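The chain contents come next:
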Amino acid sequence: MNRDGVRKSIWQEEIKSFPPAFNFETEYDVAIIGGGITGISTAYELQKRGKNCVVIEASNVGFGTTGGTTAHINNFLDTTYSEAIKKYGLEDAKLLFQSANEAIGIIEKNISDNHIDCDYEKKTGQLFALDNQQAKQLDDMVEGAEKVGCKMLPASDISYPFPFVKAVEIPGQAQFHPIKYITALCQSFLNAGGTIVENCFCKNHSEENEWIVISTSRGIIRAKKLVYATHIPPGISMLHFTNAPYRSYAIAFTLKDLNYPLEPGYDLMDPYHYYRVQEVNGETLLIAGGEDHKTGHSDDTGVCFTNLENYVRQYFDVDVVKYSWSSQYYEPADGLPYIGKMSGSSSVFTATGFRGNGMIFGTLASKIISELILTGNSKYARLFSPSRITPIAGFTEFVKENIAVATDFIKDKLFIEKISSLTEIAEGEGKVVKYEGDSYAIYKEKGGRLHLLKSTCPHAKCEVRWNSAEISWDCPCHGSRFSVNGKVLNTPSVTDLIKIREKDIE
Ligand SMILES: Cc1cc2nc3c(=O)[nH]c(=O)nc-3n(C[C@H](O)[C@H](O)[C@H](O)COP(=O)(O)OP(=O)(O)OC[C@H]3O[C@@H](n4cnc5c(N)ncnc54)[C@H](O)[C@@H]3O)c2cc1C
């Protein structure tokens, strides 16, 4: 299984490819773009309920963030219930809690209906404050949680070696192997008559009478409804200003003393660390995550791994680092995901802005979107509507800031390092440089082979940034990512970076 970065995630041991669907039909009830947890759960649900569906995946199932997640399944969310009550009122905060529980129920039902062996385990989450300020934050979280019915119980002990000042236990959490889960769902989807087309890139769509005409790298596909389960939809829409791309880092370690924490754990640092244990090929590993930052806003993404590793080594008896990887997620302007009908269309749906809760919201999307397609309504449609304009404090600033990143980075172009010769790039280095008046994204492989690209992201004309940890070019504005050959790794761009031949700039 390939992923959208060069580092191998812990889930990539699970290799599964589907029989190539060369003879796929050209007309479907629903076309779902994207083979992550959102796309596969939605396709499975719709096919089960009688719709003839096709999943169109640019690379392979699990290529996106679902292949780089850490797969905690939580009913307490990155947007705390206190925040939700303040922003939306108690009733909507309760609805949010209900939606998270319903998503866990859907995962459990999918596992039991399809006899899926995906290391699913019920867990009790441990949330701990490492100083007094975090303790106050924890008190606030507990107060909000109590109001919506989410149990957070005081704990005097935790399974982590951190010097905590306050902690709570949260029953009813879970964890699983996300790739084992979605590949098994894929199999059930195929068994029910669904079609999966991998290595098929969706370029755009148009609406023609009752049909959506989807232009893909393998030809035209027509469907009555279209779901962009691409983590962020392609093209340019308001959703690109109400969602900001972030990266998070994860490392899986073995421990010499075998003192693996029994339950998943979370501190309240900013950004916070998250921990859980997973067994791979009979070996127990501690997964630690954190060091989050806005995409393209770290000068050296390799340092994020060093910081995370050094932090973990202070407290755990680390033996070997077995896996280290990073991946991208989206922060929504008002703290809630956008799931449902895309603005301006009655037949196109999407789901984005999941923060670090995509196992929950990707699964919930399968319920909301299938209900909207099948019945025209869902009890969660209003709360998560992609067309909502949220009159909450901070919303306008967030949108303005997201528009400003675009202009800032265009300005930034003027400050890109100037070079006079390509020999100034060291082997193994990637740089955006100004060379004879134009700016280029240049990567020199070990051994000297150059990869030359124009550095302007085709999506909104921002300048890409080098991601040394995943060997990719990342756009700080809306999160499009490209390989060193310029190929799109992550939307919203559907166009590759322009390739330049060395002789063209000599
Ligand atoms: C390091 C990290 C840890 C996380 N940990 C957790 C966690 O513990 N618990 C949790 O709930 N959430 C977590 N999250 C968030 C969660 O993993 C994501 O929200 C979730 O995986 C997103 O799933 P998705 O299916 O929407 O998108 P993806 O998994 O990104 O899938 C989108 C798919 O669409 C395909 N695609 C995109 N564009 C096109 C196109 N034009 N044509 C065809 N195909 C296309 C891509 O190739 C990709 O396979 C974490 C995120 C990160 C970054």
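Residues numbered from 1 in each chain as written. Predicted model: local features only at pLDDT ≥ 70, side-chain atom pairs only at ≥ 80, totals over all residues. Heavy atoms only, no water.

Participant: How would you sum up the nonpolar core? Please name residues and give values.
Facilitator: Counting 84 residues, the largest nonpolar core has L127, Y181, I339 and F384 as the members making the most contacts within it. Apart from the residues lying within four places of it in its own chain, the contact partners of I339 are T350, A351, F354, F361, L364, A365, I368, I369, F384, S385 and P386. In this structure, A167, L286, A288 and Y311 belong to the second largest nonpolar core, which totals 23 residues. (Core = buried A, V, L, I, M, F, W, Y, C linked by side-chain atoms within 4.5 Å. Buried < 20%, exposed > 50% of the residue type's maximum accessible area, 1.4 Å probe, protein only. Contact = heavy atoms within 4.5 Å.)

Participant: Now, about the state of the cysteines: what can you tell me, with residues and values included?
Facilitator: Counted under the stated rule, the structure contains one disulfide. A disulfide-free cysteine, C475 has its sulfur positioned 4.0 Å from the sulfur of C457, the nearest such atom. (Disulfide = S-S within 2.5 Å.)

Participant: Lay out the domain arrangement of the protein chain with the relevant residues and their values.
Facilitator: On domain assignment, one finds that the protein chain holds domain 1 (25–69 + 179–241 + 335–392) and domain 2 (412–504). Just the C-alpha atoms count here: the centres of domain 1 and domain 2 sit 30 Å apart. Taken together, the 12 residues of domain 1 in the interface contact nine residues of domain 2. Taken over both partners, the interface formed by domain 1 and domain 2 buries close to 810 Å², and the fraction arising from carbon and sulfur atoms is 68%. In terms of surface lost to domain 2, no three residues of domain 1 exceed F201, I236 and H240, which account for 43% of the buried area on that side. Linking domain 1 with domain 2 are zero salt bridges. Here domain 1 is connected to domain 2 by two residue pairs in polar contact (both at pLDDT 80 or more). Partitioned by chemical class, the residues of the side of domain 1 that touches domain 2 number eight nonpolar, three polar and one charged. (Domains from an automatic or database assignment. Buried area = accessible area lost by both parts, 1.4 Å probe. Salt bridge = Lys/Arg side-chain N within 4 Å of Asp/Glu carboxyl O. Polar contact = N/O pair within 3.5 Å; in protein donor to acceptor, adjacent residues only side chain to side chain. Nonpolar A, V, L, I, M, F, W, Y, C, P; charged D, E, K, R; others polar.)

Participant: Can you tell me about the site of the ligand, naming the residues and giving the values?
Facilitator: Near the ligand lie 36 residues; those nearest to it are T38, E57, T66, H72 and M359. Residue H231 places a side-chain N or O atom 3.4 Å away from an oxygen atom belonging to the ligand. The protein chains hide 97% of the 1,000 Å² of surface that the ligand would expose on its own. Elements represented by at least two residues in the shell around the ligand include exactly α1 (37–48), β15 (318–332) and α7 (358–375). Considering each element in turn, the shell around the ligand owes the most residues, three residues, to β15. Its residues assigned to classes, the shell around the ligand comprises 14 nonpolar, 20 polar and two charged. (Near = heavy atom within 4 Å. Areas by Shrake-Rupley, 256 points an atom, 1.4 Å probe, with all protein chains shown as cover. Helix = DSSP H or I, 4+ residues; strand = E, 2+ residues; numbered from the N terminus.)

Participant: Give me α7: which residues, what numbers.
Facilitator: If you check α7, its first and last C-alpha atoms are 24 Å apart, about what 18 residues at 1.5 Å a residue would give, namely 26 Å. Among the 18 residues of α7, 16 are classified as buried, and the element is accordingly described as predominantly covered. (Expected span 1.5 Å × (residues − 1).)

Participant: Please give an account of the side chain of Q126 that cites residues and values.
Facilitator: Here Q126 lies in strand β4 (residues 121–129). Here Q126 falls in the buried class, since its relative accessible area comes to 4%. Polar side-chain contacts of Q126 include one of 2.8 Å to the backbone nitrogen of S159. If we skip the residues at most four places from it in the chain, Q126 touches D157, I158, S159, Y160, V168, E169, E263, P264, G265 and Y266.

Participant: Summarise the pairing of strand β20 (residues 438–444); cite the residues concerned and give the values.
Facilitator: β20 sits mainly inside the fold: six of its seven residues count as buried. Taken together, the six bridges between strand β19 (residues 430–435) and β20 define a ladder with antiparallel strand orientation. Bridging across to β20, V433 finds its partner in Y440. What sits between β19 and β20 in their antiparallel hairpin is a turn of two residues, with E436 showing a positive phi close to 45°. Here β20 folds back onto strand β21 (residues 450–454), and the loop between the two strands holds five residues, one of which, G447, carries a positive phi near 105°. (Pairing = 2+ DSSP bridges.)

Participant: Describe the environment of R481, with residues and values.
Facilitator: Structurally, the position occupied by R481 is in strand β24 (residues 481–482). For the pair R481 and F164, spaced 317 residues apart in sequence, the C-alpha separation works out to 38 Å. For R481, the side chain forms a polar contact with the side chain of S472, separated by 2.9 Å. Within the structure, R481 has its side chain in polar contact with the side chain of N490 (distance 3.0 Å).

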